[in-house]
Amino acid sequence: MENVCNDIDRDYYQVFGLPNMTGSPERRLLLAILERAILDYVGNDPREIEEAEEWLFGSLESGRRHQFSFAWICEQLDLDVKKISEKIRMMPRRGNRKVAPWYFNKTMATA
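Calculation rules
- Residues numbered from 1 in each chain as written.
- Predicted model: local features only at pLDDT ≥ 70, side-chain atom pairs only at ≥ 80, totals over all residues.
- Heavy atoms only, no water.
- Helix = DSSP H or I, 4+ residues; strand = E, 2+ residues; numbered from the N terminus.
- Phe/Tyr/Trp six-rings, centres within 6.5 Å; stacked < 30°, edge-to-face > 60°.
- Buried < 20%, exposed > 50% of the residue type's maximum accessible area, 1.4 Å probe, protein only.
- Lys NZ or Arg CZ within 6 Å of the ring centre and 35° of its normal.
- Core = buried A, V, L, I, M, F, W, Y, C linked by side-chain atoms within 4.5 Å.

J.: Describe unusual backbone geometry, naming the residues involved and giving the relevant values.
T.: A positive phi angle, near 70°, is found at Phe 68, a position not held by glycine. Examined against the element boundaries, Phe 68 turns out to sit in the loop between helix H3 (46-62) and helix H4 (70-76).

J.: Explain the packing of aromatic side chains to me, and be specific about the residues and the numbers.
T.: Applying the stated criterion to the full structure yields 3 aromatic pairs. Each ring, one from Trp 55 and one from Phe 70, has its centre 5.9 Å from the other, and the planes form 70°; the classification is edge-to-face. With Trp 55 in helix H3 and Phe 70 in helix H4, this residue pair connects regions lying 15 residues apart in the sequence. A relative accessible area of 0% places Phe 70 in the buried class. For the pair Phe 68 and Trp 72, a centre-to-centre distance of 4.9 Å together with 45° between the ring planes defines the contact as tilted. A relative accessible area of 18% means that Trp 72 is categorised as buried. The ring of Phe 57 has Arg 89 lying over it, and the distance from NZ or CZ to the ring centre is 3.7 Å. Above the plane of the ring of Tyr 41 lies Arg 93, whose end atom (NZ or CZ) is 4.0 Å from the centre.

J.: Account for the nonpolar core, naming residues and giving values.
T.: Counting 17 residues, the largest nonpolar core has Leu 34, Tyr 41, Leu 56, Phe 70 and Ile 88 as its most contacted members. For this core, the secondary structure elements donating two or more residues are helix H2 (25-41), H3, H4 and helix H5 (81-90).

Below you can see the structure in the form of structure tokens.
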């Protein structure tokens, strides 16, 4: 039975090509969720900051890992949860600016 599955997989890849794991729609979705939470966390809306902080760090403090929690998303993206959370905590706040100071540099670098 295993040979049949391997043959099917091999045939699939010959027809459709190897999957691009870095750019899969699922991976891009998880990255977008994470990016939105980070932008809210460094933002200037107190309610968004509080909600983002709860989502980003609440599951880490409680030790819960449920689907689509920050810890779960990091795990799916092969990111070190502890390192990422430390970097997020150190990010400069947006203050009264409309765009986070580091975000504008990122978008200009890719243009």
